[in-house]
Amino acid sequence: MKDPAIPHSHVASAANALRHRHRLLSSAVPGAFLLVLLSAQPILAQDNPLDKVHVPPPSTTATPSTAEPKGAEAPALTGADAMKAAPGAKLRLDVDLVLLPVTITDPMNRLVTGLDQNDFFIYENNAPQKLKTFSCEDAPISIGIIMDLSGSMNSKLIRSRESILKFMKTANPQDEFFVIGFNDRPELIEDFTSSVEDIEARLQTVRSGHRTALLDAIYFGMDKMKFGRNDRKALLVVSDGGDNRSRYTEGEVKAQVRESDVQIYSIGIFDPYAPTTEERMGPILLNDLSEETGGRMFRVDDLADMDDIAIKISTELRNQYVLGYNPKSMQRDGKWRKVKVKLVPPQGLPPLTVHARTGYYAPLH
């Protein structure tokens, strides 16, 4: 069934849009700070102004192997101990230009592309800001995969591995990845690499068991991301439950997430009849962490849908608007600045949802 066309009255020419977006990327201030991580591919303007909502076509779900992965378990690292010794630095504005990538979805949770910069309005601490730059280009990302290897994942391990590989194979070819597995503690399975084949080989060696140190794994991943070479950074968390083993508290991890420039996306494989409080709180935890960074959590109701969800997240990472503005308040007080992106869509579009980071820390000096 075809997706309904949604009218859109603000359509720029393809040539102007491409030149404008290229100019924004190539002329960006060196060291410009990305508050959120994602940018979008340019959408070519069409003669028909109705074709403005892009919905990725459904993908063919790959059939996973029926055999359990074999091989030795990935060697344990001193994840939690190392993290305690190297806390992450706060995300702060280092230049005058704030770049804020944004995702827009429609009521059916479909990705919306083709909007114009005049449709967006930015507020910082409730004060309106003047939009200075606007672009939609796919730039390389440093991506950390956080993979649940606890005992409850035994029957879901193959599907999880296949969905992670689907995600990486549909990402930007210039992206770099690392993989952290976790059960009782986080373990580095593969360090930063752009080779999907290397990661695929390493994932064949993992097996599930023990408990769930989800918070420690996210903290470890955020800390590891400081060594990523790209300005844009994101974590993909694949897990089936709440935390029952971590040293770090939920408050500590949420504080670290707020202070970083890393966006979190989550694939949640939750048991609707979870027996423990931790497991029942799992969806809330992952959803809160994801939304804080402008990312999203996708809940898995059928394991057969995991590949399509992974591809959807990959597509979203490559299709966002990047809004730039110079803050009116230039006080260097180190305080949290709340950011709000509002959308006034063209007449005829349904209510749309904005996904963006909620703020940043101002510089101290």
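Read on for an overview of the structure.

Parameters at a glance
- As a convention, each chain's residues are numbered from 1 in the sequence order in which they are written.
- Confidence filtering applies because this is a predicted model: local features only for residues at pLDDT of at least 70, side-chain atom pairs given and counted only at 80 or more, and all residues used for totals across whole chains, interfaces and linings.
- Side-chain measures here rest on the full set of heavy atoms in the structure, leaving out hydrogens and waters.
- Throughout this description, the term salt bridge denotes a Lys or Arg side-chain nitrogen within 4 Å of a carboxyl oxygen of Asp or Glu.
- A run of H or I in DSSP becomes a helix once it reaches four residues, and a run of E becomes a strand once it reaches two; helices and strands are each numbered from the N terminus.
- The rule is simple: take the accessible area with a 1.4 Å probe, protein chains only, and divide by the maximum for that residue type; under 20% is buried, over 50% is exposed, in between is partly exposed.
- Take the number of residues in a helix, subtract one, and multiply by 1.5 Å to get its expected span.
- Two residues qualify as a contact provided that any one of their heavy atoms is within 4.5 Å of a heavy atom in the partner residue.
- Two axes are fitted around each residue, one to the seven residues ending there and one to the seven starting there, and the angle between them is reported as the bend at that residue.
- To define axes, lines are fitted to C-alpha atoms, for helices over the stretch in contact only, and angles between the resulting N-to-C directions are given on a 0 to 180 degree scale.
- Roughly parallel refers to an angle under 35 degrees, roughly antiparallel to one over 145, roughly perpendicular to one between 65 and 115, and oblique to any angle outside these ranges.
- Left-handed describes a crossing whose near helix is turned anticlockwise from the far helix by less than a right angle; the clockwise case is right-handed.
- Throughout, the ten residues Ala, Val, Leu, Ile, Met, Phe, Trp, Tyr, Cys and Pro are labelled nonpolar, Asp, Glu, Lys and Arg are labelled charged, and all others, Gly among them, are labelled polar.
- Stacked, tilted and edge-to-face pairs are distinguished by plane angle, under 30 degrees for stacked and over 60 for edge-to-face with tilted covering the rest, among Phe, Tyr and Trp rings (Trp via its six-membered ring) whose centres lie within 6.5 Å.
- Lysine NZ or arginine CZ positioned within 6 Å of the ring centre and within 35 degrees of the ring normal marks a charge as sitting over the ring.
- Among buried residues, those of type Ala, Val, Leu, Ile, Met, Phe, Trp, Tyr and Cys that are joined through side-chain atoms within 4.5 Å constitute a nonpolar core.

**Focus on the pattern of salt bridges**
Two side chains with opposite charge may pair up if their charged atoms get near one another.
Next, step 1: Scanning the entire structure with this criterion turns up 14 salt bridges.
Next, step 2: The closest approach of N and O atoms between Glu292 and Arg258, which form a salt bridge, is 3.3 Å. In this pair, Glu292 is assigned in helix H7 (residues 277-292) and Arg258 in helix H6 (residues 250-258), connecting sequence segments 34 residues apart.
Next, step 3: The partly exposed category is assigned to Glu292, whose relative accessible area is 23%.
Next, step 4: In this structure, a network of salt bridges that share partners links the residues Asp138, Arg232 and Arg318.

**Description of helix H3 (residues 157-169)**
Next, step 1: If you check H3, its first and last C-alpha atoms are 18 Å apart, about what 13 residues at 1.5 Å a residue would give, namely 18 Å.
Next, step 2: In terms of burial, H3 is largely enclosed, as 10 of its 13 residues are buried.
Next, step 3: Along H3, the positions that sit buried rather than exposed are Leu157, Ile158, Arg159, Ser160, Arg161, Ser163, Ile164, Leu165, Phe167 and Met168.
Next, step 4: Taken together, the buried residues of H3 touch strand E6 (141-148), strand E7 (176-182), helix H4 (196-203), strand E9 (232-239) and helix H8 (306-317).

**Side note on H7**
Next, step 1: With 16 residues, H7 extends 23 Å from end C-alpha to end C-alpha; this agrees with the ideal 22 Å at 1.5 Å per step.
Next, step 2: Maximal helix bending in H7 amounts to about 35°, located at Pro283.
Next, step 3: Next to the buried residues of H7 lie helix H5 (214-224), E9, H6, strand E10 (263-268) and strand E11 (297-299).
Next, step 4: Of the residues trailing H7, Gly294 is marked for its positive phi of about 90°.

**Some words on the packing of H5 against H6**
Next, step 1: The interhelical angle for the contact between H5 and H6, taken along N-to-C directions, is 25°, at an axis separation of 10 Å. With respect to their mutual orientation, H5 and H6 come out roughly parallel. In terms of crossing hand, the pair formed by H5 and H6 is left-handed. Listed contacts from H6 to Leu215, Ile218, Tyr219, Met222 and Asp223 of H5 are Glu250, Glu252, Val253, Gln256 and Val257.
Next, step 2: The residue inventory of the contact of H5 with H6, partitioned by class, reads six nonpolar, one polar and three charged.

**Things to note about the packing of aromatic side chains**
Next, step 1: Counted by the stated rule, this structure contains six aromatic pairs.
Next, step 2: Note on Phe178 and Phe192: the rings are 5.0 Å apart at their centroids and 85° apart in plane angle, and the pair reads as edge-to-face. Within this pair, whereas Phe178 is found in strand E7, its partner Phe192 is found in strand E8 (residues 186-193), the two being separated by 14 residues in sequence.
Next, step 3: Taken together through their ring pairs, the aromatic side chains of Phe120, Phe134 and Tyr321 make up a single cluster.
Next, step 4: Of note, Arg258 hangs over the ring of Trp336, and the distance from its end group to the ring centre comes to 3.9 Å.
Next, step 5: Here the guanidinium or amino end of Lys342 rests over the ring plane of Tyr123, the centre of that ring lying 5.0 Å away.

**A few points about the nonpolar core**
The nonpolar side chains of a soluble globular protein tend to be buried with one another.
Next, step 1: By size, the foremost hydrophobic cluster in this structure holds 32 residues, and its most contacted members are Phe167, Met168, Leu236, Ile267, Ile313 and Leu317.
Next, step 2: Those elements giving two or more residues to this core turn out to be E6, H3, E7, H4, E9, E10 and H8.
Next, step 3: Apart from the residues within four sequence positions on either side, Leu236 is in contact with Gly144, Ile145, Ile146, Phe167, Tyr265, Ile267 and Ile313.
Next, step 4: Formed by 25 residues, the second largest nonpolar core is a distinct cluster that contains Ile146, Val257, Leu285 and Met297.

**Here's the deal with the environment of Val206**
Next, step 1: Tracing the sequence through the fold places Val206 in the loop between H4 and H5.
Next, step 2: A C-alpha to C-alpha distance of 9.0 Å links Val206 and Leu157, two positions 49 residues apart in sequence.

**Considerations on the side chain of Ser266**
Next, step 1: Looking at where Ser266 falls in the secondary structure, it is placed in strand E10.
Next, step 2: A relative accessible area of 0% places Ser266 in the buried class.
Next, step 3: Residues within four places of Ser266 in sequence aside, it is in contact with Val237, Leu286, Ser290, Arg296, Met297, Phe298 and Ile313.

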